[in-house]
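The residues making up each chain are set out below.
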Amino acid sequence: MSIIAERLNRISPSQTIAISTTARALKAAGRDVISLSAGEPDFDTPRNVKDAAIRAIEAGETKYTDVAGTPALRRAVADKFRRDSGIDYKPDEIIVSAGGKQVIFNAMLATLNAGDEAIIPAPCWVSYPDIVSLADGKPVLVPCGQNNRFKLRAEDLEAAITPRTKWFFINSPCNPTGAAYSAEELRPLCDVLLRHEHVWVFTDDIYEKLAYDGFRPATIVEVEPRLKPRTLTMNGCSKAYAMTGWRIGFAGGPAHLIRAMDKLQSQSTTNASSIGQAAAVEALNGPQESIGEMVKVYRERRDLVVEMLNAAPGITCHKPEGAFYVFPAIHGCIGKTSPGGRRIDGDEAFVIALLEEEGVAAVHGSAFMYPGHFRISYATATEALREACLRIQRFCEALR
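Predicted, not measured: the structure shown is a model, and the values here were computed from it.

A. Seen up close, empty space enclosed by the protein. Summed over the entire model, instances satisfying the criterion amount to three cavities of 30 Å³ or more. In this structure, the largest cavity encloses a volume near 120 Å³. Taken together, 14 residues make up the lining of the largest cavity; nearest its centre are Pro121, Pro123, Ile170, Asn171 and Cys174. Residue assignment for the lining of the largest cavity shows that the elements contributing at least two residues are strand 3 (117–122) and strand 5 (165–171).

B. Looking closely at helix 5 (residues 127–134). The buried fraction of helix 5 is high, at eight of eight residues. Buried positions along helix 5 lie against helix 4 (100–111), strand 3, strand 4 (138–143), strand 5 and strand 6 (200–204). At the exit of helix 5 stands Asp136, carrying a positive phi of roughly 75°.

C. Region of interest: the sheet that holds strand 9 (residues 325–326). Spatially, 9-12-11 is the arrangement adopted by the three strands of the open sheet, whose pairing is antiparallel. This sheet does not close on itself; its edge strands, each paired only once, are strand 9 and strand 11 (363–364). Here strand 9 runs beside strand 12 (residues 374–377); their pairing, made up of two bridges, is antiparallel. Opposite Tyr325, over in strand 12, you have Ser377 as the bridge partner.

D. Main features of a nonpolar patch on the surface. Residues Ile3, Ile4 and Leu8 make up a contiguous nonpolar surface patch of roughly 340 Å² in combined accessible area. Checked against the element boundaries, Ile3 lands in the segment before helix 1 (15–28).

E. The side chain of Ser182, seen in detail. Counting through the fold element by element, Ser182 comes out in the loop between strand 5 and helix 7 (183–195). A residue is classified by how much of its surface remains accessible, and Ser182, at 13% relative accessible area, is buried. Not counting residues within four places of it along the chain, the set of residues in contact with Ser182 comprises Phe215, Arg216 and Ala218.

F. The packing of aromatic side chains, seen in detail. What the rule picks out here adds up to 19 aromatic pairs. Seen from their ring centres, Phe81 and Tyr89 are 5.2 Å apart, and the 70° between their planes marks the pair as edge-to-face. Both residues of the pair, Phe81 and Tyr89, count as buried. A cation sits over an aromatic face here: Lys151 above Tyr181, 6.0 Å from the ring centre.

G. Up close: the environment of Val199. You can see Val199 is positioned in the loop between helix 7 and strand 6. On the accessibility criterion, Val199 (0% relative accessible area) is buried. Measuring from C-alpha to C-alpha, the distance between Val199 and Leu232 comes to 12 Å, with 33 residues separating the pair along the chain. Beyond its immediate chain neighbours, meaning those up to four positions away, Val199 contacts Ile161, Thr165, Lys166, Trp167, Phe168, Leu193 and Arg230.

About the criteria used
All residue numbers refer to position in the chain's written sequence, counted from 1. At least 70 in pLDDT is required for a residue's local features to be given in this predicted model, at least 80 for side-chain atom pairs to be given and counted, and no such filter applies to totals for whole chains, interfaces and linings, which use all residues. With hydrogens and water stripped out, all remaining heavy atoms of the structure feed into the side-chain values. Using a grid of 1 Å spacing that covers the protein atoms alone, one calls a set of points a cavity when a 1.4 Å probe fits there but cannot get out, and a pocket when the set is open and has protein on both sides within 12 Å along at least five of seven lines; lining residues are those with an atom within 4 Å of a point. Grid points are joined across faces, edges and corners, and a volume is the space filled by probe spheres set on the points. Helix and strand definitions here come from DSSP, where helices need a minimum of 4 consecutive H or I residues and strands a minimum of 2 consecutive E residues; each element is numbered from the N-terminal end. The buried label applies to any residue whose accessible area, calculated with a 1.4 Å probe on protein chains only, is under 20% of its type's maximum; exposed applies above 50%, and partly exposed to all values in between. We call two residues contacting when some pair of their heavy atoms lies within 4.5 Å. One requirement defines pairing of two strands: DSSP has to find at least two bridges between them. Within the patch definition used here, like charges are joined within 9 Å and nonpolar side chains (Val, Leu, Ile, Met, Phe, Trp, Tyr) within 5 Å, considering only residues with over 30% relative accessible area and no salt bridge. Residue exposure ignores everything except the shown protein chains as possible cover, and the areas themselves are Shrake-Rupley values with a 1.4 Å probe. Put simply, a salt bridge is a Lys or Arg side-chain nitrogen that is within 4 Å of an Asp or Glu carboxyl oxygen. Put simply, two rings from Phe, Tyr or Trp (the six-membered ring, in Trp's case) pair if the centres are within 6.5 Å, and we call them stacked under 30 degrees between planes, edge-to-face over 60, tilted for the rest. For a ring to carry a charge above it, either NZ of a lysine or CZ of an arginine must fall within 6 Å of the ring centroid while also lying within 35 degrees of the normal to the ring plane.

If you want it as structure tokens, here you go:
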């Protein structure tokens, strides 16, 4: 009898983490590798946030907190939702967890029964389907093509809903595509959801602050307040405040759902780091100028990467509205052979050959449930991005 539980057979290790690990190992072995696989800002946590954490340490704020988060942070989160989206959550409708991923785990494990379905637009973040599967649910992937800017159409959402549908996921701006929804684009989706009262909404807004060219991403409850009683609105500090390692995610939702998630969290991690929570209060309540500075740099990098990738033979790259990713198609490269002799029979072969032969680490589109593409994170130094894109161009030009 195996010691490993059967449920683990339903999931895979995070492929984005795996590729980043491989790239680090190659670098450690002396290879010249440019890694564009990690989904985290290359900026440092703002000074005022670090100072708040130091003050908390010196003040002895190193004990357990309430499972759902300190009162100060839950108030700050409630203020953030009200300030940015006009959504009124009370502190008992807020939960703070050890990163956004734990919010998703808590929500799915607390609500899904065997066979319940969760609709997930694809391309999607690698962890959504696996978390749903681990919670005994069934991921229902709905393709969203580049010809529609990687956005879900109302008619496709309608067609995917069944009597077993419990959750609908939406991630805006999206990892891996950077696609983001305006209020006008969310309206038809909200109309569909209003017609199906048994469907709950999980909206992942973690990249909300990273949007370009005056685009403002909207969120479901902001557009349709009548959906608030069955919507969980998730956000966090990782992306907007360059705090990935601090592990602070949070969500607002109906009090009975938050209580269920709190109950589950009380038997897993208990509270998120007390120091991380103190830092998050400052991040949310303090100066916000660092976000604008990051966004300016990211926009310049996005434009550089999109232009250079579209100059590579066989690649087409859509310009995204937000996040710090591009998700180019490689259909013109499929079926060819690399200079090193590898047959490019799909996106995974493409990224493997690119890493082995040019030292550029990216993530294949199949990891995001959407073959024929690959993801690049432009949250890295501009000159490194430029060099990486030159290598990609060279690699594509050499395919035969």
